[in-house]
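Okay, here's what each chain looks like letter by letter:
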Amino acid sequence: MTVSRRRRAVVSSLAAATVLAALAGCSSSGSSSSASGTTTISFMQIMINGTQKSTLVKLTNDFEAANPTIKVNLEYQPDYGTLHAKETAAIAAHNAPTIGQVYESWAAQFANSNVILPVSQYAGTDKPDQLASFYQGVQKDLTLPDGKLWMWPFNKSVQVIYSNDDMLKAKGLTAPTTWDQFATDAKAVSGNGVTAIAIDPGTTASPASGTLMFQALAAADGTPDFASDGTPQLNSPAAIQALSYMVDLKKAGALVVGTNYPGETALGAQKGVFDLSSAAGYYYENQAVGGKFALGTSVLPTGSTGQPTNIMSGTNLVEFAGASKAQQAAGWKYMQFLASASSQAQWATQTGYLPVTSAALPLMSDFIAKNPYLPTAVAALQYAVVEPPYSWVAKAEGEEVVALQAALDKGTDPATALNTAQTNALADQKAGAGQ
C-alpha cells in the first residue's frame, strides 16, 4: 500500500530552496529528441502501484498511439517525499525530467529559482482554451503569487467520510451532516471494541488523515490553517476549537490515534465506523472492507459557518526549464491530453481521483450510478481549500503535526500546543520569505 494516494509530503523545503537558489539560471539536459524525428519526454511521478500505475500506462500508450512522433518515459518514485528530493537532485545534476508532479509550495520554490517554465512559454498564452473547462477551485490552484499560470492539473481529490452504514443504522443513525452531529454519533457508536474513528496525524515529513481532519475542522469554523497569502493561522480560535474537538473525542473513547491508515484498517475490520480520507482512497477502502458490508461515502460535514468546506489534495504538473523547444511542445500536448475530459473520465473511474473538468461527468454515467457520492464530491472542487503556493507552507504544515501529537498523545493543552506551532510556523515563514 502506497502513501502516494493521500498524504502530502513536507520535504525540507528551506533546504531545497537553498539548493535551488544556487542553481538559478542553470539549465538541465532533460530528455532528448532523436534524429529519427521522435521527441522523447520524461514524466516523473509517484503513480507506482495498483490502478494508478495501470491507468497512467494505458493513457500514455493511448497518447503515444495518437502522437507517434512522441515517446513518453514514465519515471516512477515511491512517494511524494522521494519525488521532491529526486526532482531537486535531478535539477542539481542538470538532468531534470521534462514534466513532474508538484505541490503548490514546490512550484513556488522551483519558480523562484527559475528551474520551471510558466505555461505561457510553451502554450503561447497564459489562458489556454482548456483552462476555462476546469472547476473554479482547480483553476485557482494553478497560479503562483505573481499571478502567472505555472501549473496544469493532474490528480485532484477532496476529503470524504467513509462509513459503515450498517453499524450506523443499528444505532438508528445516518451519515452526519454537521460536525456537531458527527461528534454525537461517534460517541454513540463507540464501545464494546468499537472506536468510531482512527486517525494518523502523520509525521512532520508527511502529514496524514489526522492533520487533514484538523484542517477541515478549522476551515469549517471559518478560519483555514493558512491565510491566502500563506500566513499561518494555527492558533486561531477556529484552530483551537478544532484540536479541542479532536481531544474531546479521544477522551470520550470515540477517536484513537494510530499509524499507516488506521481508519481504513479499523473500518475494514468493523472496529471503526468512520474514516476521513481522500476520495482517491476509495479503491483501497473497498479493498479493506472486502464486501463485508456496503461502504458508505459522504462529503465532509459543515461547521459553524453552515457553508460546505473541504480540503483539496493532489498535485499539479510543471515543465522544467531544461526541456528543448520540441520537448516543451510535446510535453504540453501530453499535459493537455491528461487533463482532457476523456482522459480524466478514465483516470477518475479507475483510480478514485476526481475529474478536473465537468465535461468528464457525462462519460462516467455507469461509474456515477454505482458511486452516487461522486457528483457531490466533485462539486467540492469549486470551493475546497488549497495549499497556498508559498515555499514555506509545506514546512509550516509540519508544525501542525507536532501540535496534534502533543495534544492527542501527550495531553498538552490544545491552545498551548497550537501557540507553539504558530510561533514555529511564523519562523518558517520568515525564513522561507528570505530565500
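Since this is a predicted model, take the numbers as computed values, not measurements.

Looking at helix α2 (residues 50-66)
With 17 residues, α2 extends 25 Å from end C-alpha to end C-alpha; this agrees with the ideal 24 Å at 1.5 Å per step. Of all the residues in α2, the buried ones are Thr51, Gln52, Thr55, Leu56, Leu59, Thr60, Phe63 and Glu64. Summarising the contacts, the buried residues of α2 are in contact with β1 (39-45), β2 (70-76), β5 (152-157), α12 (282-289), α13 (325-338) and α14 (341-351).

Points about the pairing of strand β13 (residues 313-320)
Most of β13 sits out of view: 8 of its 8 residues are buried. Note that strand β3 (residues 99-102) and β13 share 4 bridges and pair antiparallel. The residue of β13 that forms the bridge with Gly100 is Val318. When strand β4 (residues 116-117) meets β13, the two strands line up antiparallel, connected through 2 bridges. Within the sheet, the bridge partner assigned to Ile116 lies in β13 and is Phe320. One ladder, built from 5 bridges, connects β5 with β13; its direction is antiparallel. Paired with Ser157 across the two strands is Ser313, which belongs to β13.

Overview of the packing of helix α17 (residues 393-409) against helix α18 (residues 414-433)
In contact at an axis separation of 9 Å, α17 and α18 are set at 165° when each is read in the N-to-C sense. Of the possible angle classes, the one that applies to α17 and α18 is roughly antiparallel. Here the hand of the crossing between α17 and α18 comes out right-handed. Contacts from Lys395, Ala396, Glu399, Ala403 and Ala406 of α17 reach α18 at Ala417, Leu418, Ala421, Asn424, Ala425 and Asp428. In terms of residue class, the contact of α17 with α18 is made up of 7 nonpolar, 1 polar and 3 charged.

Considering the layout of surface pockets
There is about 370 Å³ of room inside the largest pocket. Taken together, 19 residues form the lining of the largest pocket, with Lys140, Ser228, Val386, Pro388 and Pro389 sitting closest to its centre. Here the residues of the lining of the largest pocket sort into 12 nonpolar, 4 polar and 3 charged.

Some points on the pattern of salt bridges
Under the counting rule described, the total for this entry stands at 5 salt bridges. Of the charged contacts, one joins Asp141 and Lys156 as a salt bridge, the two residues approaching to 2.6 Å between their closest N and O atoms. Here Lys156 lies in strand β5 and Asp141 lies in the loop between α6 (136-140) and β5, a separation of 15 residues in the sequence. For Asp141, a relative accessible area of 2% corresponds to the buried category. Of the charged contacts, one joins Asp248 and Lys187 as a salt bridge, the two residues approaching to 2.8 Å between their closest N and O atoms. Separated by 61 residues along the polypeptide, Asp248 in helix α10 (residues 237-251) and Lys187 in helix α8 (residues 179-189) bring together distant segments of the chain. For Lys187, a relative accessible area of 38% gives the class partly exposed.

Examining the side chain of Glu387
Within the secondary structure layout, Glu387 lies in the loop between α16 (374-379) and α17. When its relative accessible area of 4% is taken as the criterion, Glu387 is described as buried. Within the structure, Glu387 has its side chain in polar contact with the side chain of Ser105 (distance 3.1 Å).

Some thoughts on the confidence of the model for the protein
Here the protein averages 91 in pLDDT, while 91% of its residues score no lower than 70. Note on residues 11-15: pLDDT under 50 across the span, and 12 contacts to partners over four residues away in sequence or across chains. Low pLDDT (under 50) marks residues 21-31, which in the prediction has 28 contacts with non-local residues, meaning those over four places away or in another chain.

Looking at unusual backbone geometry
One non-glycine residue with positive phi stands out, namely Tyr261, at about 60°. Relative to the assigned elements, Tyr261 resides in the loop between β10 (255-257) and α11 (262-268). The class of Tyr261 is buried, set by a relative accessible area of 9%. Unusually for a residue other than glycine, Gln270 sits at a positive phi of about 60°. Mapped onto the elements of the fold, Gln270 is located in the loop between α11 and β11 (274-278).

Quick notes on the packing of aromatic side chains
Evaluation of the coordinates by the stated rule reveals 19 aromatic pairs. The interplanar angle of 70° and the centroid separation of 6.5 Å between the aromatic rings of Tyr80 and Trp106 together place this pair among those described as edge-to-face. With a gap of 26 residues between them, Tyr80 in helix α3 (residues 80-92) and Trp106 in helix α4 (residues 104-112) connect regions that are remote in the sequence. Summarising the burial analysis for this pair, Tyr80 and Trp106 share the class buried. Relative to Trp332, the ring of Trp152 has its centre 4.9 Å away and its plane inclined at 70°; by these criteria the two rings are edge-to-face. With a gap of 180 residues between them, Trp152 in strand β5 and Trp332 in helix α13 connect regions that are remote in the sequence. The burial state of Trp152 is the same as that of Trp332; both residues are buried. Taken together, Phe43, Phe63, Phe154, Tyr334, Phe337, Trp347 and Tyr353 form an aromatic cluster joined through their ring pairs. One residue, Lys53, lies across the ring of Tyr76, its end atom 4.8 Å from the ring centre.

Reading guide: rules and limits
- Residues numbered from 1 in each chain as written.
- Predicted model: local features only at pLDDT ≥ 70, side-chain atom pairs only at ≥ 80, totals over all residues.
- Heavy atoms only, no water.
- Helix = DSSP H or I, 4+ residues; strand = E, 2+ residues; numbered from the N terminus.
- Expected span 1.5 Å × (residues − 1).
- Buried < 20%, exposed > 50% of the residue type's maximum accessible area, 1.4 Å probe, protein only.
- Contact = heavy atoms within 4.5 Å.
- Pairing = 2+ DSSP bridges.
- Axes fitted to C-alpha atoms, helices over the stretch in contact; angles between N-to-C directions.
- Parallel < 35°, antiparallel > 145°, perpendicular 65-115°, else oblique.
- Left-handed = near helix turned anticlockwise from the far one by under 90°.
- Nonpolar A, V, L, I, M, F, W, Y, C, P; charged D, E, K, R; others polar.
- 1 Å grid on protein atoms, 1.4 Å probe; cavity = no way out; pocket = protein on both sides within 12 Å on 5 of 7 lines; lining within 4 Å.
- Points joined across faces, edges and corners; volume = space filled by probe spheres on them.
- Salt bridge = Lys/Arg side-chain N within 4 Å of Asp/Glu carboxyl O.
- Polar contact = N/O pair within 3.5 Å; in protein donor to acceptor, adjacent residues only side chain to side chain.
- pLDDT = per-residue confidence, 0-100.
- Phe/Tyr/Trp six-rings, centres within 6.5 Å; stacked < 30°, edge-to-face > 60°.
- Lys NZ or Arg CZ within 6 Å of the ring centre and 35° of its normal.

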